[in-house]
Amino acid sequence: MMTHVRMFGRMVGLNVTMTIAYRAAFFALMVSSVIQPVVSLLVMLTIESQGADLPFDRSQLVTYYLLLSFVAICTGCWVGEYLAEGIRDGELSNTLVRPVPYIYNFVTNNIGEKIVKLPLLLPILIVIALLFRSELSLPSDPLRWIGFGIAVVFAAATAFLLDFALGSLAFWIKDVSGLFRIKDLLQGLLAGQFVPLALFPPAFAPFLEVQPFRYTLSFPLEVLAGTLDGAALVRGFAWQIGYSVVLWLCYRVIWHYGLKSYEAVGR
Amino acid sequence: MPAILVDGLCKTYRSFRKAPGLMGAVRSLIWREHVLREAVRDISFVIEEGEVVGFLGPNGAGKTTTLKMLSGILHPSKGRAEVLGFTPSQRAFAYLRQISMVMGQKSMLWHEIPTYDTLLVHKEIYRLDDGSFRRNLDELVELLAVEDLLRVPVRNLSLGERMKMELLAALLHQPRVLFLDEPTIGLDVVSQARLRGFLRELNRKFGTTIMLTSHYMDDIQALCQRVLLIDHGQLRFDGSLNELVMQSSPYKLLNVTFANTPPSSQALAMLDPRISQRPSDDPLRLNLAVPRELIAETTALLLRMGQVADVGIEDVPIEEVIGALFTGQEQIGVAA
């Protein structure tokens, strides 16, 4: 166990080093993950100021989008496309000849990025929060923050496993980039990234509650906002954990059969 | 227990064939003709611990595919492979900790960071304690003379330097079996010779079993006591290089340089009809492919035909033997 912990720690360290090595690309990704929620916030504030009947007031909108940036950084994942590329061009072989679970390489890459990103993005978020300080309202109940923290961890796991499972389809589908574009679109719409899910017509509510994208972004924010009653909270966590487990099983099954199809092209 | 046991191993790749042009592309959207390509066909061999075996064959013969199956990267389509008692495709960590794979044209290192960072990860992955890590590292750094390169990002290294670092990373955990796929490709002559010396030393010192593919016959001649020849996925030969030459070419090359005038064509007509003449740039030099059993008699006859300045007797170059085998030439050595 300790060996795995040390190995995992060392791989995270390695990925932190590599993330820093790609300074320019990294900075662009970093800024983009803040810009989109801020733009959405400005659009929503404009709509609200023109008298639109929204189920959120200004304060709730500001709080939602600022925390959305934070959660988006915590749960953001890009490993799927790298994995697909590695399967397609044979780079995956590097991972396969090492005595280490193949998923470690991708999990540690994801964590390494976050370790670098969070301390750099938090100051930007704090500056934006100060600009909107009169309208920002954060809950004081520690239980809500604990629930939020747990939901963020599971949201990150769900987002990672969804991305990873999708990328793993490259064992059979040579170009999965189209699937990722569809996933990005659905993620934007159904995770609450563009607009809060509460703004969708009520008829959509049963569907929105059960679809997986909610649990990668919106659900932790709903937990923190206190908009869910006890039963909805339990149901939400059950869905979130359920999705994590199902996606993990999907990954195991896909890799079991996928490795048999892997061609390790190239020399 | 042998180090490597391969029995009836096969690998079939599945791909699809597309008609050329735009129409072909459109048609392939609706219907695709799938084709199966047998990269490795029913090969069997056994390699004992400590052997250095050359794996030869033309491009696309199935060498790399076989190495990938033995290192656990690819699953065989059929047949059995066992390395150190493990089934490679199961990727047991206890197995992967005892082997290494180096591919000359594919880097196993992380390019953005210095090799030393990769080695620190390998220390944990291969469960090396501090003492073993330091000892193995010092030894390899000295053997490969790469002290100054350890902290340079891999992408800033030259090809030769990178290759050394690939070997360093691959050997840090002292694998019992080493798979090398074209390890000297792209290296200059000096680096190639150094690398060969290093591998010989590795085998001598630690008894590492090495399976090596290379297009450079110098690599094979310098390192391998035994060669496996593979062509179109099938094993065509398994034995020593000498046996290969003896079996494949019943000729030796007899090169005689005359001091002033070469023998006349009438004189040469006295030679056995099985002897054939090979091209020569020098009018005073006679190059002959002579059946092995006639070599003494022919040499004596030529010495009587004129004043001889120099005589050389050698085997047909191994490149020529192998090249001829792969092109299906029957009389190896006769046509140069």
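Refer to the structure presented above.
Predicted model only: the values in this text are computed from it and were never measured.

Criteria and cut-off values
Just so you know, the residues in each chain are numbered from 1, in the order the chain's sequence is written. Chain labels run from A onward and ligand labels from 1 onward, assigned in the order the entries are written. The predicted nature of this model means local features are confined to residues of pLDDT at least 70 and side-chain atom pairs, given and counted, to a pLDDT of 80 or more, with totals for whole chains, interfaces and linings taken over all residues. Computation of side-chain values covers all heavy atoms of the structure but excludes hydrogens and water. Only DSSP runs of H or I with at least four residues qualify as helices, and only runs of E with at least two residues qualify as strands; both kinds are numbered from the N terminus onward. Contacts: residue pairs with any heavy atoms within 4.5 Å of one another. All accessible areas in this document rest on Shrake-Rupley with a 1.4 Å probe, and a residue is counted as covered only by the protein chains that are shown. The rule is short: rings of Phe, Tyr and Trp, with Trp giving its six-membered ring, pair when the centres are within 6.5 Å, and they are stacked under 30 degrees, edge-to-face over 60, tilted in between. Accessible area is worked out with a 1.4 Å probe on protein chains only. A residue is then buried under 20% of its type maximum, exposed over 50%, and partly exposed in between. Placement of a charge over a ring requires the Lys NZ or Arg CZ to be within 6 Å of the ring centre, with the centre-to-atom vector within 35 degrees of the ring normal. Throughout, buried area stands for the accessible area (probe radius 1.4 Å) lost by two parts on being put together, summed over both. The term salt bridge refers to a side-chain nitrogen of Lys or Arg lying within 4 Å of a carboxyl oxygen of Asp or Glu. Under this grouping Gly is polar, as are all residues other than the nonpolar Ala, Val, Leu, Ile, Met, Phe, Trp, Tyr, Cys and Pro and the charged Asp, Glu, Lys and Arg. Two strands pair if DSSP finds at least two bridges between them. Simply put, an axis is a line fit to the C-alpha atoms, just over the touching stretch for a helix, and the angle between two N-to-C directions goes from 0 to 180 degrees. When describing relative orientation, an angle under 35 degrees is termed roughly parallel and one over 145 degrees roughly antiparallel, while 65 to 115 degrees is termed roughly perpendicular and anything else oblique. Buriedness for pockets is judged along seven lines, at least five of which must meet protein on both sides within 12 Å for an open set on the 1 Å grid over protein atoms alone, while cavities are sets there where a 1.4 Å probe fits but cannot get out, and lining residues have an atom within 4 Å of a point. Grid points are joined across faces, edges and corners, and a volume is the space filled by probe spheres set on the points. In a helix, the anticipated span is given by 1.5 Å times the number of residues less one. Here a polar contact is recorded for every N or O atom pair within 3.5 Å, except that within protein the pair must consist of a potential hydrogen donor and a potential acceptor, and residues adjacent in sequence are included only if both atoms are side-chain atoms.

We now examine the overall build of chain B. Regarding its fold elements, chain B presents twelve helices and 13 strands. For chain B, the C-alpha atoms occupy an extent of roughly 75 × 60 × 45 Å along the three principal directions. Residue pairs at least 24 apart in sequence account for 70% of intrachain contacts in chain B once pairs closer than 6 positions are excluded. With an accessible surface of roughly 15500 Å², chain B has 51% of that area assigned to carbon and sulfur atoms.

What follows concerns the packing of aromatic side chains. Evaluated as defined, the whole model comprises 22 aromatic pairs over all chains. On the basis of an interplanar angle of 85 degrees and a centroid distance of 5.7 Å, the ring pair of Trp145(A) and Phe148(A) is categorised as edge-to-face. You can see Trp145(A) and its partner Phe148(A) sitting in helix 7 (residues 142–168), three residues apart, about one turn around the helix. In this structure Trp145(A) comes out as partly exposed when scored by relative accessible area, which is 31%. The class for Phe148(A) is buried, based on a relative accessible area of 5%. In this structure an aromatic cluster arises from ring pairing among Tyr102(A), Phe106(A), Phe160(A), Phe164(A), Phe171(A), Trp172(A), Trp248(A), Tyr251(A), Trp255(A) and Tyr262(A). Positioned above the aromatic ring of Tyr116(B) is the side chain of Arg151(B), whose terminal nitrogen or guanidinium carbon lies 4.2 Å from the ring centre.

Reports of interface size often rely on the accessible area that becomes lost once the parts have come together. Facing the 33 residues of chain B at the interface are 33 residues of chain A. Summed over both sides, the interface between chain B and chain A buries roughly 3300 Å², with carbon and sulfur atoms accounting for 59% of that surface. Among the residues chain B hides against chain A, the three largest losses belong to Arg91(B), Lys106(B) and Glu124(B). Together they make up 20% of the total. Between Arg6(A) and Glu124(B) there is a salt bridge; the shortest N-O distance is 3.2 Å. For the side of chain B that touches chain A, the element with the highest residue contribution is helix 4 (residues 115–125) of chain B, accounting for seven residues. In the side of chain B that touches chain A, the residues fall into 14 nonpolar, seven polar and twelve charged.

Moving on to the sheet that holds strand 1 (residues 4–17) of chain B. Residues and elements named next belong to chain B. Spatially, 2-1-4 is the arrangement adopted by the three strands of the open sheet, whose pairing is antiparallel. Looking along the sheet, the strands with just one partner apiece sit at the ends: strand 2 (33–47) and strand 4 (78–83). Each adjacent strand pair in this sheet contributes to an overall mean axis angle of 30 degrees, direction not counted. Two elements, strand 1 and strand 4, share five bridges in a ladder whose sense is antiparallel.

Attention now moves to the packing of helix 3 (residues 58–75) of chain A against helix 6 (residues 102–131) of chain A. All names here are of chain A. Packing of helix 3 against helix 6 leaves a shortest axis separation of 10 Å and a crossing angle of 175 degrees. Accordingly, the angle class assigned to the pair helix 3 and helix 6 is roughly antiparallel. Contacts from Leu66, Ser69, Phe70, Ile73, Cys74 and Thr75 in helix 3 reach Lys114, Lys117, Leu118, Leu121, Leu122, Leu125, Ile128 and Ala129 in helix 6.

Residue and element names in this part refer to chain B. The sheet built from four strands is open, its strands ordered 11-12-10-13 with antiparallel pairing. Single-partner strands in this sheet number two, and they are strand 11 (276–278) and strand 13 (308–315). Between one strand axis and the next, the sheet turns through 25 degrees on average, direction left out of account. Pairing analysis gives seven bridges linking strand 10 (residues 251–258) to strand 12 (residues 285–291), with the strands arranged antiparallel. From the neighbouring strand, Lys252 faces strand 12, where its bridge partner is Val290.

Residue and element names in this part refer to chain B. Here the structure, examined in full by the defined rule, presents three cavities of 30 Å³ or more. Every residue lining the largest cavity is counted, 14 residues in all, and those nearest its centre are Ser100, Met101, Met108, His122 and Ala170. The set of elements that each furnish at least two residues to the lining of the largest cavity consists of strand 5 (99–103) and helix 6 (159–171). Ranked by the residues each element gives to the lining of the largest cavity, the list is headed by strand 5, at four residues.

Within this structure, the stated rule accounts for 25 salt bridges over all chains. Across the pair Lys205(B) and Glu139(B) runs a salt bridge, and its minimum N-O distance is 2.8 Å. Here the residue Lys205(B) occupies a position in helix 7 (residues 189–206), and Glu139(B) occupies one in helix 5 (residues 130–144), the gap between them amounting to 66 residues. Take Lys205(B): its relative accessible area is 42%, and that puts it in the partly exposed class. Between Lys252(B) and Asp315(B) there is a salt bridge, with its nearest N and O atoms 3.2 Å apart. With Lys252(B) in strand 10 and Asp315(B) in strand 13, this residue pair connects regions lying 63 residues apart in the sequence. Here the salt bridges share partners, and the residues they tie into one network are Arg6(A), Arg10(A), Lys123(B), Glu124(B) and Asp130(B).

With that out of the way, let us pick up the pairing of strand 8 (residues 226–231) of chain B. Residues and elements named next belong to chain B. Of all six residues in strand 8, six are buried, a share of seventy percent or more. Residues Arg226, Leu228 and Ile230 of strand 8 are buried on one face, and the alternating residues Val227, Leu229 and Asp231, pointing to the opposite face, are buried as well. Note: strand 3 (residues 52–56) against strand 8, four bridges, orientation parallel. Looking at the pairing, Gly54 lines up with Val227 of strand 8. With five bridges joining them, strand 8 and strand 9 (residues 234–239) adopt antiparallel strand pairing. Looking at the pairing, Asp231 lines up with Gln234 of strand 9. Counting the residues in the hairpin turn of strand 8 and strand 9 gives two residues, including His232, whose phi is positive at 50 degrees.

Bringing helix 3 of chain A into the picture now. Counting along an α-helix, one turn takes 3.6 residues, and residues three or four places apart therefore face a common direction. All names here are of chain A. Its 18 residues place the ends of helix 3 25 Å apart at the C-alpha level, agreeing with the 26 Å of an ideal helix rising 1.5 Å per residue. Within helix 3, 13 of the 18 residues are buried, leaving the element largely enclosed by the surrounding structure. Near the N-terminus of helix 3, the side chain that reaches the backbone nitrogen of Ser59, with its oxygen 3.2 Å away, is that of Asp57.

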